[in-house]
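So the chains spell out like this:
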Amino acid sequence: MQRRPGEFFTLEARALQRALFNAILLVFGLLLVIEFAGAVLTPLVFILLAVVLVMGLNPLVARLEARFRVPRRLGALLVVLGTLALFAGLVAVLVPLLMAQGTRFAESLPTLIKGFEESLRTLGQRYPALAPLSQGLPQVNFSRFLDGNMVGQLYAIASSVVGLLALTLVLLTLVLFLLMNPDPLVKGVLSGVPPHNRPVVERTMVRIGSQLGMWLISAMISSAVVGLLVGIGLALVGFKNAVLFGVVAAVTNPIPFLGPWLGISLPVLVAGAEGAWSLVFWAIVVLVVVQQIDASITNPLILGRTVHLHPASLLMGVLIFGSVKGIMGVFLTVPLLIIIKALYEEVYLELFKRPEVAEESVNNIVSAGQGEEADKAEPAPKETPLPLKVQEK
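None of the values given here were measured: they were computed from a predicted structure. (Residues numbered from 1 in each chain as written. Predicted model: local features only at pLDDT ≥ 70, side-chain atom pairs only at ≥ 80, totals over all residues. Heavy atoms only, no water.)

Thoughts on the overall build of the chain
(1) Moving on: Across its full length, the chain carries 13 helices and zero strands.
(2) Moving on: In sequence order, the secondary structure elements of the chain are arranged as α-α-α-α-α-α-α-α-α-α-α-α-α.
(3) Moving on: Expressed as a percentage of the 393 residues in the chain, the buried residues total 26%.
(4) Moving on: For the chain, restricting intrachain contacts to residue pairs at least 6 apart in sequence, the fraction spanning at least 24 positions comes to 68%.
(5) Moving on: For the chain, the exposed area adds up to about 27200 Å²; of that, 71% sits on carbon and sulfur atoms. (Helix = DSSP H or I, 4+ residues; strand = E, 2+ residues; numbered from the N terminus. Buried < 20%, exposed > 50% of the residue type's maximum accessible area, 1.4 Å probe, protein only. Contact = heavy atoms within 4.5 Å. Areas by Shrake-Rupley, 256 points an atom, 1.4 Å probe, with all protein chains shown as cover.)

As structure tokens, this is what we get:
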């Protein structure tokens, strides 16, 4: 069929208009998704935390139901109340000690900061190359915290405590509901999947649940052991606020890579500000010994090799999720990586039938192609001719 004059340009103009319209629609769609994601990011993180707790507590509820014939609703209530009672007992034991040592630490904080500044100035005078460290230090006015705005500060602290308690209550309520009756949610997820793909999704959910549960139990026990050993070790070497430092080490321990160093940095800085360099040395020794015990005994016995995560992926996860959601993102790095890895390996690779990568391809990439070039450069072995008498035979 012959086109009339100018019809070609009309078709091109319509295609260009359609492409521009689709591009504009895509841009506005992405902006809407980004805006929506920013608005719901905090609730999603809250829901993820509840799911992690449910995955960790669900094995206990299932064991009560299977072995002791306890109804699931009653078992979920007992597990949640038991966890809450254990947490309340720890708070009742630790809060008086933390209040006493925290108050003493706060009272000595101005003196510690002045001592730290004086140490930096002394280093700058002794080693001129380090002089910039002592210049431009921020001046902290501690008296403003004790002036006339005390009522407003107490109100802000009380509001934060009330908000934290309310958030904890909502979290425990959500965990309790999910533990009591998870069947409708599981059935709803599987119903939205085609029947021939449901085994893949079922296997993925089982893997995520088991690994998140193992990680949660391991993180809790490992943090408790690390906090206890750090507190005892620092008390033995002469630190006054050993309980406070042990709690800090326990809280920061679940953070991959950075947690142990954050936990020990506070006692090291305090000892350095006081000029007690022997305590600095012993604090580092305590950290190294505790981390060796945790890495060699606690984690292998509890976690085993259930969660396979590369150290580089852990560090990248800390950087990415920490930049997105701050300290909460850092704490949830391991659960998020467990979920992402399970979805990639069990869903993406399985549904799209991706073949397994050959070891030769991996080695070639890792060696930057040097192995392949060496194979090409190596000449083939020459065949040695047989002796003449043998040939005649």
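Topic: helix H9 (residues 311-331)
(1) Moving on: The end-to-end C-alpha distance of H9, which contains 21 residues, comes to just 16 Å, noticeably less than the 30 Å that a straight helix rising 1.5 Å per residue would cover.
(2) Moving on: Along H9, the largest kink reaches about 145° and is centred on Lys-325.
(3) Moving on: What H9 keeps buried is the set Leu-314, Gly-317, Val-318, Phe-321, Gly-322, Gly-329 and Val-330.
(4) Moving on: Of the surrounding secondary structure, the elements contacted by the buried residues of H9 are helix H7 (258-273) and helix H10 (333-351). (Expected span 1.5 Å × (residues − 1). Bend = angle between axes of the 7 residues up to and from the residue.)

Points about the layout of surface pockets
(1) Moving on: A volume near 2500 Å³ is recorded for the largest pocket.
(2) Moving on: In terms of lining, the largest pocket is formed by 49 residues, of which the most central are Phe-87, Leu-90, Val-91, Met-220 and Val-251.
(3) Moving on: Among the elements of the structure, helix H1 (7-67), helix H2 (72-126), helix H3 (150-180), helix H5 (198-237), helix H6 (242-252) and H9 are those that each provide at least two residues to the lining of the largest pocket.
(4) Moving on: Of the residues that constitute the lining of the largest pocket, the class distribution is 41 nonpolar, seven polar and one charged. (1 Å grid on protein atoms, 1.4 Å probe; cavity = no way out; pocket = protein on both sides within 12 Å on 5 of 7 lines; lining within 4 Å. Points joined across faces, edges and corners; volume = space filled by probe spheres on them. Nonpolar A, V, L, I, M, F, W, Y, C, P; charged D, E, K, R; others polar.)

Observations regarding the pattern of salt bridges
(1) Moving on: By the definition in use, this model includes four salt bridges.
(2) Moving on: With a shortest N-O distance of 3.6 Å, Arg-72 and Glu-65 are connected by a salt bridge.
(3) Moving on: Between Arg-203 and Glu-346 there is a salt bridge, with the nearest N and O atoms lying 3.0 Å from each other. Residue Arg-203 is located in helix H5, and its partner Glu-346 is located in helix H10; the two are separated by 143 residues in the primary sequence.
(4) Moving on: Through salt bridges with shared partners, a single network forms among Arg-203, Arg-207, Glu-345 and Glu-346. (Salt bridge = Lys/Arg side-chain N within 4 Å of Asp/Glu carboxyl O.)

A look at empty space enclosed by the protein
(1) Moving on: Applying the stated criterion to the full structure yields one cavity of 30 Å³ or more.
(2) Moving on: The calculated volume of the largest cavity comes to roughly 40 Å³.
(3) Moving on: Forming the boundary of the largest cavity are Val-226, Val-230, Ala-249, Asn-253, Pro-260, Gly-263, Ile-264, Leu-287 and Gln-291.
(4) Moving on: Every element with two or more residues in the lining of the largest cavity is listed here: H5, H7 and helix H8 (277-302).
(5) Moving on: The leading source of residues in the lining of the largest cavity is H7, at three residues.
(6) Moving on: Classifying every residue of the lining of the largest cavity gives six nonpolar, three polar and no charged.

So, to be careful, I would describe these as geometric facts and stop short of saying anything about function.
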